[in-house]
Amino acid sequence: MPTTPRAAVEAARALVESLAPLRTPPTVRVADAEEGVACLVLVWDAKRAMPTVRWRSPGGRTGCKADVVAVVAAAGRSLTRKEVLRALKAAGKRHGPGTVDKALADLTAGGELVNPRDGRGYRLPTWRKDATPSLFE
């Protein structure tokens, strides 16, 4: 067993040496943690770009999209992006602004929300376009 952190990490060199003779280099990612120490081992073909590590919860943005629809529905009116973020925070939902932006884009593209670009924000498609009475009606 290695006695220093540096000696323990040198074991990675042995890993590279054992994988080098393979005809097709694998792309493998392994993460582990024990007693407060975490490690990520990423192996890829050196002739290619390093694969990016994406930390994403299972289901992707599914939970965020459901939470966004729920806060818009609960508000009962159109919400701007900032209002959606505040409502999610007030509801105890922990989604980052980038995730919420992508969820809003997905929901709008899928027709689950609409954003008519009237400055009022996102709303459910079943709501009237204009809740303010017209002067001409």
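Remember, predicted model here, so these are calculated numbers, not experimental data.

## A word on the overall build of the chain
Inference 1: Looking only at helices and strands, one finds 5 helices and 2 strands in the chain.
Inference 2: Sequence-ordered secondary structure for the chain, helices as α and strands as β, is α-α-β-β-α-α-α.
Inference 3: A buried classification covers 15% of the 137 residues belonging to the chain.
Inference 4: By sequence separation, contacts in the chain at least 24 residues apart represent 41% of the contacts at least 6 residues apart.
Inference 5: Carbon together with sulfur atoms contributes 57% to the accessible area of the chain, which is approximately 10700 Å² in total.

## A few points about the pattern of salt bridges
Inference 1: For the coordinates displayed, the defined rule picks out 6 salt bridges.
Inference 2: A salt bridge links Glu-17 to Arg-13; the nearest nitrogen and oxygen atoms lie 3.5 Å apart. Highlighted residues: Glu-17 and Arg-13, both in helix 2 (residues 11–19), separated by 4 residues, approximately one helical turn.
Inference 3: Across the pair Asp-101 and Arg-81 runs a salt bridge, and its minimum N-O distance is 2.5 Å.

## Some words on the packing of helix 4 (residues 81–90) against helix 5 (residues 97–109)
Axes are the key here: two packed helices are described by the angle between their axes and the distance separating the axes.
Inference 1: Axis separation between helix 4 and helix 5 bottoms out at 11 Å; the angle between their running directions is 120°. What the angle tells us is that helix 4 and helix 5 run oblique. Relative to helix 5, helix 4 is oriented so that their crossing is right-handed. The segment helix 4 lies against helix 5, with Arg-81, Val-84, Leu-85 and Leu-88 engaging Pro-97, Val-100, Asp-101 and Leu-104.
Inference 2: Considering only residue class, the contact of helix 4 with helix 5 consists of 6 nonpolar, no polar and 2 charged.

## Let's talk about the pairing of strand 2 (residues 37–43)
Inference 1: In terms of strand pairing, strand 1 (residues 28–34) meets strand 2 through 7 bridges, oriented antiparallel. Counterpart to Ala-33 in the pairing with strand 2 is Ala-38.
Inference 2: Between the antiparallel neighbours strand 1 and strand 2 lie 2 residues, among them Glu-35 with a positive phi of about 50°.

## Remarks on a nonpolar patch on the surface
Inference 1: On the surface, Leu-15, Val-28, Val-30 and Val-41 cluster together into a nonpolar patch covering about 260 Å² of accessible area.
Inference 2: Mapped onto the elements of the fold, Val-41 is located in strand 2.

## Brief notes about unusual backbone geometry
The bulk of non-glycine residues show a negative phi, and the bulk of peptide bonds are trans.
Inference 1: One non-glycine residue, Glu-35, adopts positive backbone phi at about 50°.
Inference 2: If you trace the backbone, Glu-35 turns up in the loop between strand 1 and strand 2.

## Quick notes on the nonpolar core
Inference 1: By size, the foremost hydrophobic cluster in this structure holds 14 residues, and its most contacted members are Val-68, Val-72, Val-84, Leu-88, Val-100, Leu-104 and Leu-113.
Inference 2: Of all elements in the fold, only helix 3 (62–75), helix 4 and helix 5 reach the threshold of two or more residues within this core.
Inference 3: Aside from chain neighbours lying at most four places away, what touches Leu-88 is Asp-67, Val-68, Val-71, Lys-93, His-95 and Val-100.

Cut-offs applied
Residues numbered from 1 in each chain as written. Predicted model: local features only at pLDDT ≥ 70, side-chain atom pairs only at ≥ 80, totals over all residues. Heavy atoms only, no water. Helix = DSSP H or I, 4+ residues; strand = E, 2+ residues; numbered from the N terminus. Buried < 20%, exposed > 50% of the residue type's maximum accessible area, 1.4 Å probe, protein only. Contact = heavy atoms within 4.5 Å. Areas by Shrake-Rupley, 256 points an atom, 1.4 Å probe, with all protein chains shown as cover. Salt bridge = Lys/Arg side-chain N within 4 Å of Asp/Glu carboxyl O. Axes fitted to C-alpha atoms, helices over the stretch in contact; angles between N-to-C directions. Parallel < 35°, antiparallel > 145°, perpendicular 65-115°, else oblique. Left-handed = near helix turned anticlockwise from the far one by under 90°. Nonpolar A, V, L, I, M, F, W, Y, C, P; charged D, E, K, R; others polar. Pairing = 2+ DSSP bridges. Patch = residues over 30% accessible without salt bridge, like charges linked within 9 Å, V, L, I, M, F, W, Y side chains within 5 Å. Core = buried A, V, L, I, M, F, W, Y, C linked by side-chain atoms within 4.5 Å.

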